[in-house]
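Each chain, letter by letter, is given below.
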Amino acid sequence: QKEVEQDPGPLSVPEGAIVSLNCTYSNSAFQYFMWYRQYSRKGPELLMYTYSSGNKEDGRFTAQVDKSSKYISLFIRDSQPSDSATYLCAMTSGTYKYIFGTGTRLKVLA
Amino acid sequence: EAGVTQSPTHLIKTRGQQATLRCSPISGHTSVYWYQQALGLGLQFLLWYDEGEERNRGNFPPRFSGRQFPNYSSELNVNALELEDSALYLCASSLPGPADSPLHFGNGTRLTVT
């Protein structure tokens with residue numbers, strides 16, 4: 001079993017839809033959770049960074065962490081074609097070791 | 001604030017040659033990480049440098065090596081290149097101590113081995 005599982009997609013949604021992206025993990029020691037957006041031929045761009053359980057909102061993006069279920073989510077409201085990219089989740093227990101999901105490809109249709 | 005910068009953007013080498021990739025971290029970041037992202041695969045951890053020292057390495061052969069300079073910039077060297085080394089090599093930096101400090105990535109160097 002992988003430490004982090006992420007559906008590869010692709011996920012296609014119409015412009016304006018609410019997008020839900022998810023990762024599950026197995027290591028209960030993970031405390032820091034990140035979401036990155038990666039456009040084709042670019043490096044991952046940090047979108048959200050959260051510690052422990054709870055919600056964090058930044059503009060159209062909301063990150064949720066449920067440590068009891070070992071489940072994290074990223075919600076994108078009012079999705080735009082420019083949101084079309086691959087979204088990576090990542091997590092760490094606080095050591096050098098960051099574990100990444102394999103990424104979900106998102107396509108927002110105009 | 002300038003982000004993580006990597007050079008060159010693209011690099012084409014032939015099998016058996018050596019490649020050198022460079023990375024400048026965000027100002028104030030002392031930790032530098034190197035990852036390999038091969039087509040269709042996730043990010044594979046290569047190396048971690050902090051305060052000029054190699055702190056940990058991933059499951060890669062010794063022909064993958066690097067160093068960190070006193071100004072915290074770093075280079076990754078890949079010797080005896082093989083075709084399967086073709087990938088996007090990403091550098092990331094973070095504040096001192098990985099706890100409570102997310103990784104910030106550069107745009108990578110795309111290495112093609114022919």
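Here is what the cut-offs are and how they apply
- Residues numbered from 1 in each chain as written.
- Chains lettered and ligands numbered in written order.
- Predicted model: local features only at pLDDT ≥ 70, side-chain atom pairs only at ≥ 80, totals over all residues.
- Heavy atoms only, no water.
- Helix = DSSP H or I, 4+ residues; strand = E, 2+ residues; numbered from the N terminus.
- Rg over C-alpha atoms; globule rule 2.2 N^0.38 Å.
- Buried < 20%, exposed > 50% of the residue type's maximum accessible area, 1.4 Å probe, protein only.
- Contact = heavy atoms within 4.5 Å.
- Lys, Arg positive; Asp, Glu negative; His and termini not counted.
- Charge placed at Lys NZ, Arg CZ, Asp CG, Glu CD.
- Buried area = accessible area lost by both parts, 1.4 Å probe.
- Salt bridge = Lys/Arg side-chain N within 4 Å of Asp/Glu carboxyl O.
- Polar contact = N/O pair within 3.5 Å; in protein donor to acceptor, adjacent residues only side chain to side chain.
- Pairing = 2+ DSSP bridges.
- Axes fitted to C-alpha atoms, helices over the stretch in contact; angles between N-to-C directions.
- Phe/Tyr/Trp six-rings, centres within 6.5 Å; stacked < 30°, edge-to-face > 60°.

Peer 1: What exactly am I supposed to notice about the overall build of chain B here?
Peer 2: On a plain count of helices and strands, chain B comes out with 0 helices and 11 strands. A globule of 114 residues ought to have a C-alpha radius of gyration of about 13 Å, and chain B, at 13 Å, matches this closely. Along the first, second and third principal axes, the C-alpha set of chain B runs to 40 × 25 × 25 Å. Sorting the 114 residues of chain B into buried and exposed places 51% on the buried side. For chain B, the proportion of contacts with a sequence separation of at least 24, taken over those separated by at least 6, is 53%. On chain B, the mean spot of the 8 positive side-chain charges and the mean spot of the 10 negative ones are 10 Å from each other.

Peer 1: Sorry, what's going on with the interface of chain B and chain A here?
Peer 2: The interface is formed by 20 residues belonging to chain B together with 16 residues belonging to chain A. Across the chain B/chain A interface, buried area totals approximately 1600 Å², and carbon plus sulfur atoms make up 61% of it. The interface formed by chain B and chain A holds 0 salt bridges in total. Where chain B touches chain A, the interface holds 6 residue pairs in polar contact (both at pLDDT 80 or more). For the side of chain B that touches chain A, the secondary-structure elements that each account for two or more residues are strand S4 (31-37), strand S5 (43-50), strand S9 (87-94) and strand S10 (104-105) of chain B.

Peer 1: Would you mind showing me how to read the environment of Leu21(B) here?
Peer 2: Residue and element names in this part refer to chain B. Here Leu-21 shows up in strand S3 (residues 19-24). The sequence separation of Leu-21 and Gly-66 amounts to 45 residues, and the corresponding C-alpha distance is 9.1 Å. Look past the residues within four positions of Leu-21 in its chain and what remains in contact with it is Ser-7, Leu-11, Trp-34, Ser-74, Glu-75, Leu-76, Tyr-89 and Thr-109.

Peer 1: What's the story with the sheet that holds S3(B) in this structure? I'm lost.
Peer 2: In any sheet, the strands associate via hydrogen bonds between backbone groups, in a parallel or an antiparallel arrangement. Residues and elements named next belong to chain B. Pairing is antiparallel across the open sheet formed by 4 strands, whose spatial order is S1-S3-S8-S7. Unpaired on one side and paired on the other, strand S1 (5-7) and strand S7 (64-68) mark the two borders of the sheet. When strand polarity is set aside, the average angle formed by the axes of neighbouring strands in this sheet is 20°. Across 5 bridges, S7 lies against strand S8 (residues 74-78) in antiparallel orientation. Looking at the pairing, Gly-66 lines up with Leu-76 of S8.

Peer 1: Sorry, what's going on with the sheet that holds strand S3 (residues 19-25) of chain A here?
Peer 2: Read from one edge of the open sheet, 5 strands run S1-S3-S8-S7-S6 (chain A), paired in antiparallel fashion. A strand with exactly one partner marks an edge of an open sheet, and here the two such strands are strand S1 (4-5) and strand S6 (54-58) of chain A.

Peer 1: Explain the packing of aromatic side chains to me, please; I cannot follow it from the model alone.
Peer 2: How two aromatic rings sit relative to each other is set out by the distance from centre to centre and by the angle between their planes. Counted under the stated rule, the structure contains 15 aromatic pairs over all chains. Their ring planes at 45° and their centres at 5.6 Å tell us that Tyr96(A) and Phe45(B) sit as a pair that is tilted. Of this pair, Tyr96(A) sits in the loop between strand S9 (85-92) and strand S10 (99-100) while Phe45(B) sits in strand S5, each in a different chain. For the ring pair Tyr33(B) and Trp48(B), a centre distance of 5.8 Å and an interplane angle of 10° mean the geometry is stacked. Separated by 15 residues along the polypeptide, Tyr33(B) in strand S4 and Trp48(B) in strand S5 bring together distant segments of the chain. Trp48(B) shares its class with Tyr33(B); the two are buried.

Peer 1: Where do I start with the environment of Pro61(B) in this structure?
Peer 2: Residue and element names in this part refer to chain B. With respect to the helices and strands, the residue Pro-61 is situated in the loop between strand S6 (53-57) and S7. Judged by relative accessible area, which is 34%, Pro-61 ranks as partly exposed. Placed 32 residues apart in sequence, Pro-61 and His-29 show a C-alpha to C-alpha distance of 27 Å.

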